[in-house]
2 protein chains.
Amino acid sequence: MNKEQNTFSGSRSALAHPPIVQMAHGSGGRMMHDLIRNFFHAHLVSDQLQKGDDAATLAMGSSRIAFTTDSYVVQPIFFPGGDIGDLAVNGTVNDLCMCGARPLYLSAGFILEEGLAFDELERVLQSMAAAAERAGVQIVTGDTKVVDHGKADRLFINTAGVGILEHDHEMGARCLQPGDQILLSGPIGQHGLAVLSQRQGLEFSGEIISDTAPLHELTASLLAECGAAVHALRDPTRGGVAAALNEWAETSGVEIRIAQNKIPVLPAVQSGCALLGLDPLSLANEGKMLAVVASEWAERALQVMREHPLGRQAAHIGEVKAGSAGWVSLRTELGAWRVLAWPSGELLPRIC
Amino acid sequence: MNKEQNTFSGSRSALAHPPIVQMAHGSGGRMMHDLIRNFFHAHLVSDQLQKGDDAATLAMGSSRIAFTTDSYVVQPIFFPGGDIGDLAVNGTVNDLCMCGARPLYLSAGFILEEGLAFDELERVLQSMAAAAERAGVQIVTGDTKVVDHGKADRLFINTAGVGILEHDHEMGARCLQPGDQILLSGPIGQHGLAVLSQRQGLEFSGEIISDTAPLHELTASLLAECGAAVHALRDPTRGGVAAALNEWAETSGVEIRIAQNKIPVLPAVQSGCALLGLDPLSLANEGKMLAVVASEWAERALQVMREHPLGRQAAHIGEVKAGSAGWVSLRTELGAWRVLAWPSGELLPRIC
C-alpha cells in the first residue's frame, strides 16, 4: 500500500511538471514568466532581454532606437472589435510606445495554414493596413511561409517594430521608486472577454468588444508633458494588470499597492467575469496602459491622459511602497488587504 | 461527350486555382511571388515592400538602418548540419548582409506547440545562441506563444533583424545593369537536399549537410574592397538560384545569362538530384551568396570572395544583358540555350 502510494504520488508529481511545454506556459502568468527566465534568458543571454521591458532600447549609429517583437496566435482570428491583423499592428506599436519610443516601422511575418481562404487573408491584410495607418507606422518588410493543413491554425502573424527614442531619460520595469503613483488609462478586461465570448459562443447582456487600439498619441502626450517624471509604462496584455504589476514589483524590488474600487471595469465585463469565475485583473487588454509617475506629477499625468479619447476614463489606482519587496497588495472593496498574485494556470490561452 | 469534357476541364481548372492557400504558395516559386504581389503588396502598400529586396533600408534619426524578418517552419527541426535555431539566426543575418548592412540586433518570436519537450527547446536555444555569437549579433527582444497540440508543428521561430548601413550607395534588385557580371560564392543545393534527405529518411552516397552559415564577413569584405561596384547581393534560399535570378531579371528589366558548367555543385548533390529528379538550381541554400558586380570589378570581387573560407569555391557564373528583359537564360552543358524558369509547384515545402 505504501509502495503503491509512493508510486502514485511519484507519477502525479511527474504529471504535474512533465518536461514539456504546456498551454499554461503561454498564458502570461507565473509559468510563462518562469519558462522565459529558465530557458530564453538562460540561453539567449542579453542585457536587454534581462531588463523585463516590452522593447529593447539600443544605440544605432548616433540614434537611439527601440526594437520589439510579438507573435499573434489569437483564436478565433476574427472577434468582436478586431481581428488578428489589427491586433498584430497595435500590439507591437504599443510595445514600442511603452518604452517611450515613437513607432516608425513594422515587419510582418505570416505563417499560413494550407487551405486558408484568400478572402480571409485579404480581410486580415486590409485590417493591418488600416491599423498601420491609424498608428502612423509603415509596414516595410515581410515574409510568408505556408505549412501543411493541420500544422498551424489558419494563420499566425509575427510583427516586429522599430521606433525612435526622442528623449534620453531612463524608464522601465526597473525604475519604480517608493512614493510613485500608479495610473491606469481606462476600464480593463474587454479584449480578453471579447475573444473568449467569441470562441465559446457566449452572449453577455452588454456587448463586449475588444479595446484593441494604438496608444502612441497617449504616450507621446504623457511624455511631452511629464517627461522624466514618467518612470514606467506598460500595456497589460496577457496576464492582465495582475501580471504587469507583479513583474514590476519583482523587477524593481518594491511593493505595489492598489485599490480594487479605483479600478475601472465596465458593468458588462464585471457581470461576464462573475458568471465565468474570471478576474478582470487577469484578463488581457490591447488598448490600455499602466503608468508609474513621480508623486508630484500624478495629478497632471492623469489630466493629460483624460484629455485623449483613449484615456477618458483614466484612474489613479495605487502607489509604490518600499514595504514588502516584490509583492502586489490589493485593498478589496470591503477594505481588507490581500495579495494580488501572478495569474497562474491556463487562464485564457491564445488571447493574442 | 463535348459537354462532359467541358465540365471536366472546368473543374480541373477550378481545382488548379481554388481561392485558398496551397503548399506551393510557400515554396519560393512563381506562386509565392504572385501571392506576395497580389495580396501583401496590394494591401500593405509600402515603397520598401515593392522594392523586392531581402531587407528594407530606412532612415532612423541621422542613421540609415536595414530591417528584415523571416519566419522559420523547417521540418524536421533538426537536420544534418543545423537546426531551426541556427537557421533562424543565419537566415535573418544574411538578409541584412544582402542589402549591404552590418547586422547588429535580432528579435526572436517563438510559437511552441503544447507538448514540445523542454530538452528539444533547449537544444534549439543553444544553437541560436552559438549562431548569434558567430555572426556577431545580439538577440535583444523576444516573445513566446503556446498553441494547442496539433495546431503547430513542434516549434516555429520568427526572427527580425536590424543592421546599420555604413555606406550610402544604392544597391539591390533594381540596380542590375547590362554588362554586370554574376558571381556565386560556392556550391549550391546542400541545404535543400540535407533537409529533404532527413525528412524522407534517404541516404546518399556522400554525406550532404546544410550549408547554413552567416555571410556577414564575406559581404563586409566585398563591400570594403569593391564599394559601389557591387550592384546587388542575394542569398538564394527558397526557390534557389533560379528564383533569385528570375526576381532580379524581372525587377531590373534585364536579361540574365548563366552557364550551367560554371555553377559549382558538389558531386553528392549532383547525384542526389539526379536520383530524385530535382534541379540544384531550384534548391534552397542557407550560406551562399549571388553577387552582381560591375564588369571591371568582377575579377577583384571573385578574388575577395575566394579569400574567405565561405567563398573558397566562388565562381563567375554569368552576366547581365539588355536582351530579353525579364528572362533568365541558361547555356546547358551541351552548349544550347534554354530559359531558366521560375521554379513552380510545390518544390520542397518547409525547407526553412
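Residues numbered from 1 in each chain as written. Chains lettered and ligands numbered in written order. Predicted model: local features only at pLDDT ≥ 70, side-chain atom pairs only at ≥ 80, totals over all residues. Heavy atoms only, no water.

*Asks:* Describe the sheet that holds strand β11 (residues 290-293) of chain A, listing the residues and the values that go with them.
*Replies:* Residues and elements named next belong to chain A. Taken in spatial order, the seven strands of this open sheet run β9-β11-β8-β12-β10-β13-β14, and their pairing is mixed. The two strands at the open ends of the sheet, each matched to only one other strand, are β9 (230-234) and β14 (337-339). With strand direction ignored, the average angle separating the axes of adjacent strands in the sheet is 25 degrees. Pairing between strand β8 (residues 181-184) and strand β12 (residues 315-321): four bridges, direction antiparallel. For Gln181, the partnering residue across the bridge sits in β12 and is Glu319. Each of β8, β9, β10 (255-259), β11 and β13 (328-331) touches helix α8 (residues 240-252); the most contacted strand, β11, lies at about 30 degrees to it. (Pairing = 2+ DSSP bridges. Helix = DSSP H or I, 4+ residues; strand = E, 2+ residues; numbered from the N terminus. Axes fitted to C-alpha atoms, helices over the stretch in contact; angles between N-to-C directions. Contact = heavy atoms within 4.5 Å.)

*Asks:* Explain the pattern of salt bridges to me, and be specific about the residues and the numbers.
*Replies:* In this structure the tally under the stated criterion is 30 salt bridges over all chains. As a salt-bridge pair, B:Arg102 and B:Glu166 come within 2.8 Å of each other at their nearest N and O atoms. Taken together, the positions of B:Arg102 in strand β5 (residues 101-113) and B:Glu166 in the loop between β7 (155-165) and β8 (181-184) put the pair 64 residues apart, joining distant regions of the chain. Looking at B:Arg102, the relative accessible area reads 42%, which means it is partly exposed. Residues participating in the shared-partner salt-bridge network are A:Asp70, A:Arg238, B:Asp143 and B:Lys145. (Salt bridge = Lys/Arg side-chain N within 4 Å of Asp/Glu carboxyl O. Buried < 20%, exposed > 50% of the residue type's maximum accessible area, 1.4 Å probe, protein only.)

*Asks:* Describe the packing of aromatic side chains, naming the residues involved and giving the relevant values.
*Replies:* Scanning the entire structure with this criterion turns up six aromatic pairs over all chains. Summarising the aromatic geometry, the rings of A:Phe67 and B:Phe67 are spaced 6.3 Å apart at their centres and angled 85 degrees between planes, so their arrangement reads as edge-to-face. One end of the pair, A:Phe67, is in strand β2 (residues 63-72); the other, B:Phe67, is in strand β2 (residues 63-72), on a second chain. With relative accessibility at 0%, the residue A:Phe67 sits in the buried group. Residues A:Phe118 and B:Phe39 carry aromatic rings whose centres are separated by 4.8 Å and whose planes lie at 40 degrees to one another, so their mutual orientation is tilted. Placement of the pair is A:Phe118 in helix α5 (residues 118-135) and B:Phe39 in helix α2 (residues 30-43), with the two residues belonging to separate chains. You can call A:Phe118 buried: its relative accessible area is 16%. For B:Phe39, a relative accessible area of 10% puts it in the buried group. A cation over a ring is seen here: A:Arg123 above A:Phe78, with NZ or CZ 3.6 Å from the ring centre. Of note, B:Lys145 hangs over the ring of A:Tyr72, and the distance from its end group to the ring centre comes to 5.7 Å. (Phe/Tyr/Trp six-rings, centres within 6.5 Å; stacked < 30°, edge-to-face > 60°. Lys NZ or Arg CZ within 6 Å of the ring centre and 35° of its normal.)

*Asks:* Tell me about the packing of helix α6 (residues 190-200) of chain B against helix α9 (residues 267-276) of chain B, and name the residues and values.
*Replies:* Residues and elements named next belong to chain B. Between α6 and α9, the shortest axis-to-axis distance is 10 Å and the interhelical angle comes to 55 degrees. Considered as vectors, α6 and α9 are oriented oblique to each other. For the element pair α6 and α9, the recorded crossing hand is left-handed. Counting all contacts with α6, which are made through Gln190, Leu193 and Leu196, the residues of α9 involved are Ala268, Val269, Gly272, Cys273 and Leu276. (Parallel < 35°, antiparallel > 145°, perpendicular 65-115°, else oblique. Left-handed = near helix turned anticlockwise from the far one by under 90°.)

*Asks:* Run through the pairing of β11(A), naming residues and quoting values.
*Replies:* On any regular strand, side chains alternate: one points to one face of the sheet, the next to the other face. All names here are of chain A. Going residue by residue along β11, you find Leu290 and Val292 tucked away on one face and Ala291 and Val293 tucked away on the opposite face as well. Inspection of the sheet shows β8 paired to β11 by four bridges, in the antiparallel sense. The residue of β11 that forms the bridge with Leu183 is Ala291. Across four bridges, β9 lies against β11 in antiparallel orientation. By the bridge assignment for β11, Val230 is matched with Val293.

*Asks:* Explain the pairing of strand β1 (residues 56-60) of chain A residue by residue, including any values.
*Replies:* Residue and element names in this part refer to chain A. Counting buried residues in β1 gives four out of five residues, a clear majority hidden from the surface. Relative to β2, β1 runs antiparallel, the two being bridged by five bridges. From the neighbouring strand, Ala56 faces β2, where its bridge partner is Phe67. Connecting β1 to the antiparallel partner β2 that follows it, the hairpin turn spans two residues, and Gly61 within it adopts a positive phi of roughly 60 degrees.

*Asks:* Go over helix α9 (residues 267-276) of chain A, please, and point to the residues and values.
*Replies:* All names here are of chain A. For α9, the full list of buried residues reads Ala268, Val269, Gly272 and Cys273. Down the axis of α9, the buried side of the element spans an arc of 130 degrees, and every buried residue falls inside it. α9 presents Pro267, Ala274 and Leu275 as exposed residues on the side facing more than 90 degrees away from its buried surface. Contacts made by the buried residues of α9 are with α6 (190-200). Backbone geometry just downstream of α9 places Gly277 in the positive-phi region, at approximately 70 degrees. (Arc of directions from axis to C-beta.)

*Asks:* Go over the side chain of B:Thr68 with me, naming the residues and quoting the values.
*Replies:* The residue B:Thr68 is located in strand β2 in this model. On the basis of relative accessibility, which here comes to 0%, the residue B:Thr68 falls in the buried class. A polar atom in the side chain of B:Thr68 sits 2.6 Å from the backbone oxygen of B:Asp54. Residue contacts for B:Thr68: discarding those within four places in its chain leaves A:Thr141, B:Asp54, B:Ala55, B:Thr92, B:Asp95, B:Leu96, B:Thr159, B:Ala160 and B:Gly161. (Polar contact = N/O pair within 3.5 Å; in protein donor to acceptor, adjacent residues only side chain to side chain.)

*Asks:* Residues and numbers for the confidence of the model for chain A, please.
*Replies:* A low pLDDT score tells you not to read the predicted coordinates there in detail. The share of residues in chain A with pLDDT of 70 or more is 94%, and the mean pLDDT across the chain is 91. Overall fold confidence (pTM) sits at 0.93, and the ipTM for the predicted complex is 0.92. (pLDDT = per-residue confidence, 0-100.)

*Asks:* With reference to specific residues and values, describe the interface of chain A and chain B.
*Replies:* Counting residues at the interface gives 80 residues for chain A and 80 residues for chain B. The largest per-residue losses of area from chain A upon contact with chain B belong to A:Val21, A:Met60 and A:Phe118, which jointly make up 11% of the total buried on that side. Taken together, the connections running from chain A to chain B amount to six salt bridges. Here A:Lys145 ties to B:Asp70 by a salt bridge, and the two come within 3.5 Å at their closest N and O atoms. Our enumeration of links across chain A and chain B arrives at 28 residue pairs in polar contact (both at pLDDT 80 or more). Counting residues per element, the ones that place at least two in the side of chain A that touches chain B are α2 (30-43), α3 (47-50), β1, β2, β5 (101-113), α5, β6 (138-147) and β7 (155-165) of chain A. Taken together, the residues of the side of chain A that touches chain B break down into 44 nonpolar, 24 polar and 12 charged. (Buried area = accessible area lost by both parts, 1.4 Å probe. Nonpolar A, V, L, I, M, F, W, Y, C, P; charged D, E, K, R; others polar.)

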